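# Fold and geometry: a report
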Amino acid sequence: MSKAWAVLLVAAAVVRAQDARSIVEESQRRARSGSQRYEGTLEVIDAKRKVTTKRWIYERLGSAGNSKAVLRFTAPAEVKGVALLIHNHPDRASDQWMWTPAVQRERRIAYQDRKTRFFGTDFTFEDLEERDVDRSTYRMLGEEAIEGVPCWKIESTPKPEARSQYTRLYLWIRKPDYVAAQIDCFQRDRVIRRIRYSDVEKVQNIWTARRIEVHDLTRDSRTILRLEKLEYDVTLPADLFTLQALRRER
Amino acid sequence: MMLLKLITWPYVRKHLLRCTLTTAGIVLGVAVFVAMHTANQSVLYAFNRTVDRIAGRTQLQVSAGEAGFPEEVLEKVQSLPDVEVAVPVIEATVQTGIPGMGNLLVVGVDMTGDRSLRDYELETADETIVDDPLVFIAQPDSIIVSRQFCDKTGLKLNDRLTMQTMAGPRQFTIRGVMSAGGLASAFGGSLAIMDIYAAQMVFGRGRRFDRIDLAVREGVRVEEARQRIQAALGPGLQVEPPTSRGAQFEAMARVYSMTANITSVFALFIGLFLIYNTFSIAVTQRRAEIGILRALGAPRSLIRNLFLAESALAGLFGSLLGIVLGVAMARGVAGYIGEYFGEVYGVGEKAEEVAADPRLLGLALLIGVATSVFAGWLPARNAARVDPVKALQKGRVQVISEGENRLRRLVAVAMLAGAVGCVFLSSHPFFFYLGYMLSVLAVLLLTPTLCTLLTRWLRPALKWLRPVEGALAADSLLQAPRRTSGTVAALALSVALVIGLGGISRASYSTIGAWVKTSLNPDFFITGSETITQRSFRFPESFADDVARVEGIEEVQPVRSTRILYKGTPVMLVAADVEKIARRVRARIVDGDRESMYARTARGEGVIISDNFSLLRRVKRGDVIELAAPNGLLRLPVLGIVVDYSDQQGTILMSRDLFKRYWGDDTVNAMRVYAKPGVDRAALRQKLLETFGSRTRLFVMTNEELRAYIMKLTDQWFGLTYVQIVVAVLVAILGIVNTLTVSITDRKRELGVLQAVGALRNQVRHTIWMEAAAIALLGLVIGFALGAVHLYYILDVAKRDVAGLRLEYLYPYGIAAVLLPVLLGSALFSAFGPAEGAVRMSLVEALEYE
């Protein structure tokens, strides 16, 4: 999950002045890996500052918008075993299925539901998709520092075929390592969600943000995701990313 | 106005009891009309409101009747370009076992996307559970209930609630409470929301949805989108706005409206005669007043208008009282209708608010006043014709309408001839109803003549019983036919109404009883619900094989019955192993060849329809009917027509294989089980319960229990009919009391003279009693005859317009035998007051003139 937008953005490229699209492309290239696995800890802080914690294991095979991923909850007990299977496509929105062990059923997440909140967090289902750079258009807005790190500020507008809930996004990409520092998600002219990436570390030669904070500005709630036991290019069997595998894992 | 105050008001004040009794017919007629229609409307309104509240922002619904459709349809709908949001829904009514709470409507939704269409407005919730759709989904025992439900049951957040599921009673946890209003107040607040996939599991629905609720894309016109979506999905699925469900419900409720209308018309007719009677007598009594007014220069029109205004006022007073009474009765009736619909159609709806439609009340007022004015028109005209000279000569009676009797008889004979003529043209509804109306009117117009004739025949008998009193009573009736004929007509109408209702009830019991005996002959019926009309719970197909393996069982016939739409009306589709059924059931065949029709239906080459389906939908053998199924449009010939009362809207029997293929549904909601000969039925039933009871929810009904259940439903159907019978008898009794009260007042002088010349008090009493009994007897005789005609027509109404029931003509002799002593007794009882009044009146006052 941590790579949802980071994968899009975190990369390396030529250090010279570039246009907006090539910066995003480079960010994506630098984040590329054959597979990924991590254990995530989610902290959801609602508007009343009540904190709930969830844990999951995330496994991904492939990258850059052409990948398959499984996200399986491990805690708390009431959601243990619930899983989400994502098949990302470079040319269209991803296919997503949710597996609920208690009823032994998978259900398809419809495109129309991609804007709904994911697992009670401040992420939406759409935010979990890996999007190919070609599915948006880009415009350079300028340069701004985020937490003292110089960044490019880029406007990204999803193409109609992407069927995104967002009208546009503002991306801040760190100049030193091409890792995304912040994303503001707009619906019409209003920022509805702000995603901040921090604790950037180099893991197996890939600069990765180990802390992602999503702030839902409408609900005034926050979700903090911490990536633990992060590994890239691990061996994962392809048949792990199928509905049959979801049904097997109980 | 001044005349009303100076002349009418003192008269009314003096004869308050009589005036009140006069309006009783109008009161009851209007009350029945208002009560039945308000109740029907309230139940319908509650149903529509439930649909509306559950629909939320839903603009269109995709459905395939009650059977639902496979899950795959959802993806197809979601992928259509006009669709913004499409969410699946399952509905089931379940019992909670909480005393007084009735059924709970469980709506299964996909919480992932459902909030796009519906607001749950949770006032209290375990935020980590309900605010997170996935966590709610992850725990299939999660439910959200309404604040209203919590208030009624005392349950609160995180409490456990037991609900019936396919696996027997199961506990669910209340994980959210919806604020009152909106969605939460649907189904009178007895509503629970749960995850749709959990609902599929607990209700044994397999991988099917009941319907899909959708909203169209912004800027797209709903009707245009509907047409495009319908075209994309094909004719097997219906794409309609949520409001169309109300129209289907209305079709089912129409049956009750029809019977209510017939009773209301009769009650109003009775009221009409009571008013006519009283006003006719009032004109006679107030001759002197009229004479004075005329002598003082009042024109005829003023006198006529005065009486018309009085009748209008009586109508207004009666109608207002009737409206109040009707609205008060409506709540009880609505509860009854709602319960009945729940039992029979499985779509029970509680009318929490019983609010009368102002237009209905206006119409009731208009009908009441118009009936009263119409009733007062003849007396008013006669009043206007009063000759002031004759009126002011005491003791002289002016004969106003000598020629009228002849004219009335002629009109009556013409109407009778017309009614007979209409019998030959009765295939056309207009002539049928015209014939019905003409025959009733003809008998009513002939009532005075019939009264005179019958009284002449009755006179010797009365004289034989009591020579003096009997002769006096008979002569009193003969001398004043106007005074009694109105009451006799009202009484006859009441009796006819009772005979009609009793007759249709007897015919229904007899016909349905015979059908139950021939068609429902298995030893046991296994269902997933307490009743066979509820289809919320279903068994997997394999369950029938499991049951068949139980020792002692000879045969199991799995049945899947479901309500589908046929030309917009919900009808019953029964999918079964037709060959097996044909071997066991000897249904009465209306049209078709027994051997070939069952064999061909079993092969899926056509369908067999019920007689009532044929009559109501105007379908004959050989016609091709089109059935919209989720997997395509089925065009099948009707191979035979049989007598079957499974459903009031009609039944279609088809092979289960065909149903499975076109509906993609292999579930079963009932099993007809035959035991091997000689097997102990009670022990076998126990064995079935022990073998499967712990595994699945099941009810094993014996043949006797099922028959008793069906007869109970028939009882429920006629429950309101019995109320109507009581109303009719009540009106009849009121009519007698009214007439006698009027009669005593009218004959004050005559009775005074009798006593003055030495008649004993007992003789006066007996005269009045005998007169009352004679009126009752006349009403009964004419009523029995009119009832025979009325019964003929309402049986035909039941056949052609209400339920397509081909009922046998069985005259309710039993009811007639009960009516005889009841009405004679009531007449005698009613006569006590007037008789005592007559013997205790002041002779001086009575003989003032002499």
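In this text the structure is predicted, and so the values were computed from the model without any measurement. (Residues numbered from 1 in each chain as written. Chains lettered and ligands numbered in written order. Predicted model: local features only at pLDDT ≥ 70, side-chain atom pairs only at ≥ 80, totals over all residues. Heavy atoms only, no water.)

## Examining the overall build of chain B
Spelled out, the test is: Strands are runs of DSSP state E lasting at least two residues, helices are runs of H or I lasting at least four, and both sets are numbered from the N terminus onward. Each residue is assigned to one of three classes by its accessible area relative to the maximum for its type, calculated with a 1.4 Å probe on protein chains only: buried under 20%, partly exposed between the two thresholds, exposed over 50%. Note on contacts: a residue pair is in contact if any heavy atoms of the two residues lie within 4.5 Å. For the area figures, the Shrake-Rupley method with a 1.4 Å probe applies, and any residue is considered shielded solely by the protein chains shown.
Assigned secondary structure in chain B consists of 28 helices and 22 strands. The buried share of chain B, reckoned over its 850 residues, is 59%. Taking contacts inside chain B between residues at least 6 apart in sequence as the whole, the part at least 24 apart equals 81%. For chain B, the computed accessible surface area is about 33300 Å², with 61% contributed by carbon and sulfur atoms.

## A closer look at the overall build of chain A
Helix and strand counts for chain A come out as 3 helices and 13 strands. Going through the 250 residues of chain A one by one, you find that 62% of them count as buried. Considering only residue pairs separated by 6 or more positions, chain A has 47% of its internal contacts joining residues 24 or more positions apart.

## Here we look at the pattern of salt bridges
Residue and element names in this part refer to chain B. Short version of the rule: By definition here, a salt bridge exists when the distance from a side-chain nitrogen of Lys or Arg to a carboxyl oxygen of Asp or Glu is within 4 Å.
The full count for this structure, using the stated rule, is 60 salt bridges over all chains. For the salt bridge of R211 with E91, the shortest nitrogen-to-oxygen distance reads 2.8 Å. Of the two residues, R211 sits in strand β11 (residues 211-216) while E91 sits in strand β3 (residues 83-95), which places them 120 residues apart along the sequence. With a relative accessible area of 5%, R211 lands in the buried category. On the accessibility criterion, E91 (17% relative accessible area) is buried. For the salt bridge of D141 with R160, the shortest nitrogen-to-oxygen distance reads 3.1 Å. Of this pair, D141 sits in the loop between α5 (133-138) and β6 (142-146) while R160 is found in strand β7 (residues 160-165), placing the two residues 19 residues apart along the sequence. When its relative accessible area of 43% is taken as the criterion, R160 is described as partly exposed.

## Brief notes about the pairing of strand β4 (residues 103-109) of chain B
Residue and element names in this part refer to chain B. Note the following rule: DSSP calls a pair of strands paired once it identifies at least 2 bridges connecting them.
Burial analysis of β4 places 6 of its 7 residues in the buried class, the great majority of the element. As paired strands, β3 and β4 are joined by 7 bridges and run antiparallel to one another. Residue pairing across strands places E91 opposite V107, the latter belonging to β4. Pairing of β4 with strand β9 (residues 191-195) involves 5 bridges; the strand directions are parallel. Its bridge partner being in β9, V109 is matched across the sheet by D195.

## Remarks on the confidence of the model for chain B
Let me state the cut-off plainly: For every residue, the pLDDT score states the predictor's confidence, bounded by 0 at the bottom and 100 at the top.
Here chain B averages 81 in pLDDT, while 85% of its residues score no lower than 70. Confidence drops under pLDDT 50 across residues 397-402 of chain B; counting only partners more than four residues distant or on other chains, this segment forms 8 contacts.

## Here we look at the interface of chain B and chain A
Cut-off, in case you're wondering: Accessible-area loss on putting two parts together, using a 1.4 Å probe and summing over both, is the definition of buried area adopted here. Two N or O atoms count as a polar contact when they lie within 3.5 Å, although within protein this holds only if one can serve as hydrogen donor and the other as acceptor, and sequence-adjacent residues are included solely when both atoms are side-chain atoms. In this classification, Asp, Glu, Lys and Arg are treated as charged, Ala, Val, Leu, Ile, Met, Phe, Trp, Tyr, Cys and Pro as nonpolar, and every other residue, Gly included, as polar.
Each side of the interface is counted separately: chain B has 29 residues, and chain A has 27 residues. A buried area of about 2300 Å², summed over both sides, lies between chain B and chain A, and 51% of it is on carbon and sulfur atoms. Between the two partners, chain B and chain A, sit 5 salt bridges. Of the charged contacts in the structure, one is a salt bridge between E106 of chain A and R207 of chain B, with a shortest N-O distance of 3.7 Å. At the boundary of chain B and chain A, one finds 3 residue pairs in polar contact (both at pLDDT 80 or more). Classifying every residue of the side of chain B that touches chain A by side-chain character gives 12 nonpolar, 6 polar and 11 charged.

## As for the packing of helix α15 (residues 429-465) of chain B against helix α16 (residues 467-479) of chain B
Residue and element names in this part refer to chain B. Using the following cut-off: Geometry is summarised by axes, namely lines fitted to C-alpha atoms with helices restricted to the contacting stretch, and by angles between N-to-C directions that run from 0 to 180 degrees. Roughly parallel means an angle under 35 degrees; roughly antiparallel, over 145; roughly perpendicular, 65 to 115; everything else is oblique. Handedness of each helix crossing follows the sense of rotation of the near helix against the far helix: counterclockwise by less than a right angle gives left-handed, clockwise gives right-handed.
Running from N to C, α15 and α16 point in directions that differ by 165 degrees, and their axes come no closer than 7 Å. Relative to α16, the element α15 lies roughly antiparallel. When the axes of α15 and α16 are compared, the crossing they make is right-handed. Listed contacts from α16 to T452, T455, R456, R459, L462, K463 and L465 of α15 are P467, G470, A471, A474, D475, L477 and L478. Class assignment of the residues belonging to the contact of α15 with α16 gives a composition of 7 nonpolar, 3 polar and 4 charged.

## Section: helix α22 (residues 656-663) of chain B
Heads up, the rule is: Picture the helix axis, draw a direction to every C-beta atom, and the arc is the one those directions span.
Burial in α22 of chain B covers these residues: R656, L658, F659 and W663 of chain B. Each buried residue of α22 of chain B sits inside an arc of 155 degrees when the element is viewed along its axis, so together they form one side.

## Details of a nonpolar patch on the surface
Residue and element names in this part refer to chain B. Just so we agree on the cut-off: The patches described consist of residues with a relative accessible area above 30% and no salt bridge, like charges being joined within 9 Å and nonpolar side chains (Val, Leu, Ile, Met, Phe, Trp, Tyr) within 5 Å.
A cluster of nonpolar side chains, V420, V423, F424, L425, Y792 and Y809, forms an exposed patch at the surface whose accessible area comes to about 590 Å². With 3 residues, the top contributor of residues to the nonpolar patch is helix α14 (residues 402-424). On the secondary structure map, Y792 appears in helix α26 (residues 761-802). Using a relative accessible area of 35% as the deciding quantity, one classes Y792 as partly exposed.

## Looking at the packing of aromatic side chains
Put simply, the rule reads: Put simply, two rings from Phe, Tyr or Trp (the six-membered ring, in Trp's case) pair if the centres are within 6.5 Å, and we call them stacked under 30 degrees between planes, edge-to-face over 60, tilted for the rest. Counting as a charge over the ring demands two things of the Lys NZ or Arg CZ atom: a distance within 6 Å of the ring centre and an angle within 35 degrees of the ring normal.
Under the definition given, this model contains 21 aromatic pairs over all chains. Aromatic pair F539 of chain B and F543 of chain B: ring centres 4.8 Å apart, planes at 25 degrees, arrangement stacked. For the ring pair Y792 of chain B and Y793 of chain B, a centre distance of 5.0 Å and an interplane angle of 80 degrees mean the geometry is edge-to-face. Residue classification places Y793 of chain B among the buried positions, given a relative accessible area of 5%. Here a set of aromatic residues connected by ring pairs shows up, and it is made of F432, Y433, Y436, Y792 and Y793 of chain B. Directly above the aromatic system of F186 of chain A lies the positively charged group of R168 of chain A, at a separation of 4.3 Å from the ring centroid. The residue whose ring lies beneath R584 of chain B is Y674 of chain B, and the NZ or CZ to ring-centre distance is 4.0 Å.

## Concerning helix α27 (residues 813-840) of chain B
All names here are of chain B. Quick note on the threshold: In this scheme, a helix's expected span is set at 1.5 Å multiplied by one less than its residue total. Bend angle per residue: angle between axes fitted to the 7 residues ending at that residue and the 7 residues starting there.
In this model, α27 (28 residues) spans 41 Å end to end at C-alpha, consistent with the 40 Å of a helix rising 1.5 Å per residue. The sharpest bend along α27 reaches about 35 degrees and sits at F832, with the proline P834 one to four residues further on. All buried positions along α27 are accounted for by A816, L819, L823, S826, A827, S830, A831, P834, A835, A838 and V839.

## Regarding the environment of G25 of chain B
Residues and elements named next belong to chain B. Within the secondary structure, G25 is located in helix α2 (residues 16-55). With relative accessibility at 0%, the residue G25 sits in the buried group. Taking the C-alpha atoms as reference, G25 lies 7.3 Å from L272; in sequence the two are 247 residues apart. Excluding residues that lie within four positions of it along the chain, G25 makes contacts with A267, G271 and L274.

## Brief notes about the confidence of the model for chain A
Averaged over all residues, the pLDDT of chain A equals 85, while 92% of them reach at least 70. Residue range residues 1-17 of chain A is modelled with pLDDT below 50. Its contacts to residues more than four positions away, or to other chains, number 84 contacts.

## A few points about the nonpolar core
Soluble globular proteins: nonpolar side chains tend toward being buried together. All names here are of chain B. Definition in use: In plain words, nonpolar cores are sets of buried Ala, Val, Leu, Ile, Met, Phe, Trp, Tyr and Cys residues tied together by side-chain atoms within 4.5 Å. Boundaries between domains were set according to an automatic or database domain assignment.
The biggest cluster of nonpolar side chains holds 120 residues, and the ones touching the most others in it are F307, L493, I710, L819 and L823. Both domains that meet at this core, namely domain 1 (1-53 + 247-400) and domain 3 (447-521 + 709-850), each give it at least three residues. In contact with L823, not counting residues within four places along its chain, are L491, V495, V729, A732, I733, I736, A776 and L780.

## Notes on the pairing of strand β8 (residues 168-178) of chain B
All names here are of chain B. With respect to burial, β8 is a largely interior element, 8 of its 11 residues being buried. For β6 and β8, the ladder comprises 5 bridges, and the chain directions are parallel. Residue pairing in the sheet places I143 in a bridge with I174 of β8. The pairing of β7 with β8 spans 6 bridges and is antiparallel. Paired with T162 across the two strands is Q171, which belongs to β8.

## Notes on unusual backbone geometry
Residue and element names in this part refer to chain A. Residue P76 follows A75 across a cis peptide bond; omega there is 0 degrees. Looking at where P76 falls in the secondary structure, it is placed in the loop between β3 (66-75) and β4 (83-87). Its identity as a non-glycine residue notwithstanding, E147 has a phi of 50 degrees, on the positive side. As for its placement among the helices and strands, E147 is situated in the loop between β7 (136-146) and β8 (149-158). Residue classification places E147 among the exposed positions, given a relative accessible area of 62%. For Y178, which is not a glycine, the phi torsion comes out positive at approximately 60 degrees.

## Some remarks on the environment of S694 of chain B
With respect to the helices and strands, the residue S694 of chain B is situated in the loop between α23 (681-692) and β22 (699-702). Taking C-alpha positions, S694 of chain B is 7.6 Å from A167 of chain B, a pair spaced 527 residues apart along the chain.

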